[in-house]
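The residues making up each chain are set out below.
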Amino acid sequence: MAALDRPVVKPRPVYLNLFAIRLPLPGFVSILHRASGALLFLIGIPLLLCVAQRAYGSADGWAQVRGAFANPLVKLLAIVLAWAYLHHLLAGIRHVIMDLHIGIELPAARQSAALVFVLAILLTIVVAVRLW
Amino acid sequence: MVTPSRVVVGAHYGWRDWLSQRVTAVVMALYTLLVGVLLLWHGGLDYAAWKGTLDSQMFRLATFIFMASLLWHAWVGVRNITMDYLKPPALRLCVEVGVIAALVAYAGWTIQILWGHG
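Worth saying up front: this structure is predicted, and the values here are computed from it rather than measured.

**Description of the overall build of chain A**
Secondary structure assignment for chain A yields 4 helices and 0 strands. Here the C-alpha atoms of chain A give a radius of gyration of 22 Å, more than 25% beyond the 14 Å that 2.2 N^0.38 yields for 132 residues. Referenced to the eigenvectors of the C-alpha coordinate spread, the extents of chain A come out at roughly 80 × 30 × 25 Å. When contacts within chain A are restricted to residue pairs at least 6 apart in sequence, those whose partners lie at least 24 apart make up 72%.

**Looking at the overall build of chain B**
Scanning chain B for helices and strands turns up 5 helices and 0 strands. Tracing chain B from N to C terminus, the helices and strands come up as α-α-α-α-α. Residues counted as buried form 11% of the 118 residues belonging to chain B. Residue pairs at least 24 apart in sequence account for 76% of intrachain contacts in chain B once pairs closer than 6 positions are excluded.

**Remarks on the interface of chain B and chain A**
With 15 residues of chain B in contact, the opposing surface of chain A contributes 14 residues. Where the side of chain B that touches chain A is concerned, the elements lending two or more residues are α2 (14–42), α3 (47–55), α4 (57–85) and α5 (89–115) of chain B. The element best represented in the side of chain B that touches chain A is α4 of chain B, accounting for 5 residues. Class assignment of the residues belonging to the side of chain B that touches chain A gives a composition of 11 nonpolar, 3 polar and 1 charged.

**Here's the deal with the confidence of the model for chain A**
On average, chain A scores 90 in pLDDT, and the residues at 70 or more come to 94%. For chain A, helix α2 (residues 59–68) of chain A is the element with the lowest average pLDDT, namely 92, and helix α3 (residues 72–99) of chain A is the one with the highest, namely 96.

**Focus: α2 of chain B**
For α2 of chain B, with 29 residues, the first-to-last C-alpha span of 42 Å sits near the 42 Å given by 1.5 Å per residue. Among the structural elements, α3 of chain A together with α4 of chain B are those in contact with the buried residues of α2 of chain B. Looking one or two residues beyond α2 of chain B, the residue adopting positive phi is G43 of chain B, at roughly 65°.

**As for the packing of helix α1 (residues 25–57) of chain A against α5 of chain B**
α5 of chain B packs onto α1 of chain A with a crossing angle of 15° between their chain directions and a minimal axis gap of 10 Å. Judged by the angle between their axes, α1 of chain A and α5 of chain B are roughly parallel. The two elements α1 of chain A and α5 of chain B meet at a crossing, and its hand is left-handed. From α1 of chain A, I45, L49, A52, Q53 and Y56 of chain A reach across to α5 of chain B, where they touch Y106, W109, T110 and I113 of chain B. Of the residues belonging to the contact of α1 of chain A with α5 of chain B, the class tally is 7 nonpolar, 2 polar and no charged.

**Examining unusual backbone geometry**
Trans peptide bonds make up most of the peptide bonds, and negative phi angles are found at most residues other than glycine. Residue and element names in this part refer to chain A. Positive phi, normally seen in glycine, also occurs at H101, with a value near 65°. Here H101 lies in the loop between α3 and α4 (106–131). The class of H101 is exposed, set by 7 C-beta atoms lying within 10 Å.

**A look at the nonpolar core**
Grouped together as the largest cluster of nonpolar side chains are 21 residues, with contacts concentrated most on L86 and V116 of chain A. For this core, the elements supplying multiple residues, two or more each, are α1, α3 and α4 of chain A together with α2 and α4 of chain B. At 7 residues, the largest contribution of residues to this core is made by α3 of chain A. The contacts of V116 of chain A, once residues within four sequence positions are left out, are V29, L90, A91 and R94 of chain A.

**A word on the packing of α1 of chain A against α2 of chain A**
Residue and element names in this part refer to chain A. Where α1 contacts α2, the axes come no closer than 5 Å and their chain directions differ by 130°. What the angle tells us is that α1 and α2 run oblique. Here α1 contributes V51, R54, A55 and G57 to the contact with α2, which in turn contributes G61, W62, Q64 and V65. Of the residues that constitute the contact of α1 with α2, the class distribution is 4 nonpolar, 3 polar and 1 charged.

**Description of the confidence of the model for chain B**
When pLDDT is averaged along chain B, the result is 89, and 88% of the positions lie at 70 or above. The complex prediction reports pTM at 0.86, with the ipTM value standing at 0.85.

**Comments concerning the environment of E105 of chain A**
Relative to the helices and strands, E105 of chain A resides in the loop between α3 and α4. In this structure the C-alpha to C-alpha distance between E105 of chain A and L25 of chain A, which are 80 residues apart in sequence, comes to 14 Å.

The rules behind each value
- Residues numbered from 1 in each chain as written.
- Chains lettered and ligands numbered in written order.
- Predicted model: local features only at pLDDT ≥ 70, side-chain atom pairs only at ≥ 80, totals over all residues.
- Helix = DSSP H or I, 4+ residues; strand = E, 2+ residues; numbered from the N terminus.
- Rg over C-alpha atoms; globule rule 2.2 N^0.38 Å.
- Contact = placed C-beta atoms within 7 Å.
- Buried ≥ 20, exposed ≤ 12 C-beta atoms within 10 Å, placed from the backbone.
- Nonpolar A, V, L, I, M, F, W, Y, C, P; charged D, E, K, R; others polar.
- pLDDT = per-residue confidence, 0-100.
- Expected span 1.5 Å × (residues − 1).
- Axes fitted to C-alpha atoms, helices over the stretch in contact; angles between N-to-C directions.
- Parallel < 35°, antiparallel > 145°, perpendicular 65-115°, else oblique.
- Left-handed = near helix turned anticlockwise from the far one by under 90°.
- Core = buried A, V, L, I, M, F, W, Y, C linked by C-beta atoms within 7 Å.

Shown next, in the form of structure tokens:
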């Protein structure tokens, strides 16, 4: 067989321009699931342990932790982490429901992705209002 | 053929990871619900009320099971990320060893917080 008969081999690997990709909503919720998980691992877990140790240790520690939340930057961090936890939890529930073959058709999947995205933000706003 | 990257990522963990990721997630969701109910029950963040709850052995055990689930869940999730984005086997192995070390340390720290006060 002549070489010309074969299809042209594309150069691999393909480098994708991440900023040129428009993700569909389920894809957007999915990458935020991953990003929020990474954030919870990198900052959430060590911070949770630090705060738990201080707060559970003594009434003074508890008061110190509560006092730290007066700082707007601490509030902001807490709100970001609350969003990460809520988005990760809700996207995870959607994931498990889809594992049960519920809502896997495209329109339903888009609707549930939108629901997860909006609900996580609304619940985060509730937390933010309680904090402020 | 067994390539070096194949040796690092291992094999046959797919089903176990898939299941453990979901079981640990359900455990954490239930604990989250429990804490939410307690938050309403205690009417907020009162030290004496929460100290009383945390001093009960049952709640400590529940908290420990939550933390164990969290750390295991984090391992499966973080390794999914390293497998996707870190291609050089040596780099991936180093990061994964670091992650495991951190998770084991967090487990020890959790036990110290829960039962260290006597």
